[in-house]
Amino acid sequence: MNMEKYCRINLFDLQLEGKKILTDFSLSFDGKNSVCLLGESGSGKSLLLRTLYKNTQLLDTNGTYEFYFLEGKEVKDWKSEINYEHLDTSWQRFLNKFLKGTSHLNCRYALVLKLLKKPDFLFCEDLKRILSLKELQFFLEFLKEQQIKCFYITNQIESTIFFSYLIVIKNNKIAIEGNTLSVLQEEKIMKLLGFSLPFYVNMSIQLGYYGILNKICLTKEELEESIWQSK
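A short tour of the structure in this document, coming up. For clarity, every value in this text was computed on a predicted model and none was experimentally measured.

## What about the sheet that holds strand E6 (residues 121-124)?
Strands sit in the order E5-E6-E7-E3-E8-E9 across an open sheet of six strands; the sheet is mixed. In the strand order of this sheet, the two ends are held by strand E5 (65-68) and strand E9 (173-179), each with one partner. Between one strand axis and the next, the sheet turns by 15 degrees as a mean value, whatever way the strands run. Judged from the four bridges that link them, strand E3 (residues 34-38) and strand E8 (residues 165-170) form a sheet pairing that is parallel. Within E8, the position partnered with leucine 38 by the bridge is valine 168. Taken strand by strand, helix H1 (residues 45-54) contacts E3, E5, E6, strand E7 (149-154) and E8, and its axis lies near 140 degrees from that of E7. Sitting on the sheet, helix H4 (residues 105-115) touches E5 and E6, and the angle it makes with E5 is about 170 degrees.

As structure tokens, then:
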């Protein structure tokens, strides 16, 4: 029987040049496929990620892990460089789509090299500069298929809908956390924290007030299908 890989973080005080950045931050991947940390620019997300990278003793884990910061890697013929022919079909399908074209290819290739090490956990910087929301969804679906758990930082609330667990930080501490859908439904709290709800989540809530919809939808496709079924 294989034991589920675990990773836990307990960081009581994170400071930069004597200034308190985060206090009492804790995270456990138990029962979670992916975790998103949402915070405004300058809230300490990147510093947290780099602190964990430099001080891996803060990670209590029985698994392997990789860190990806937005960086590029020179690539000429990626299929030969990564022994493409020896990969299984699921990896080949993913790579053919993920590395298609030339847009941000160096950064995407650097990220792929991390994945090919098949870590149990991937700690990842915001990818909004190199991936669209649909591409991020595709990327995360592949991680789940490969049983790679992801910790992701962002200030873009639209990105959060693809993660199973959401942590929101404000004023140097965790303000709210939980199942992503449950957190996003806390409309008043999220607004007080300075975040507007993702468009389709907000639309679902508004339609619910008029009795048109009785569920929260995360994507355009899900919203259209739910409206059609409710007729």
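## A few points about the sheet that holds strand E4 (residues 59-61)
The sheet built from three strands is open, its strands ordered E2-E1-E4 with antiparallel pairing. At either end of the open sheet lies a strand with only one pairing partner, and these are strand E2 (19-28) and E4. Across the sheet, the mean angle separating the axes of adjacent strands is 5 degrees when strand polarity is ignored. Those strands touched by H1 are strand E1 (7-16), E2 and E4, and its axis lies near 115 degrees from that of E1.

Conventions we followed
- Residues numbered from 1 in each chain as written.
- Predicted model: local features only at pLDDT ≥ 70, side-chain atom pairs only at ≥ 80, totals over all residues.
- Heavy atoms only, no water.
- Pairing = 2+ DSSP bridges.
- Helix = DSSP H or I, 4+ residues; strand = E, 2+ residues; numbered from the N terminus.
- Axes fitted to C-alpha atoms, helices over the stretch in contact; angles between N-to-C directions.
- Contact = heavy atoms within 4.5 Å.

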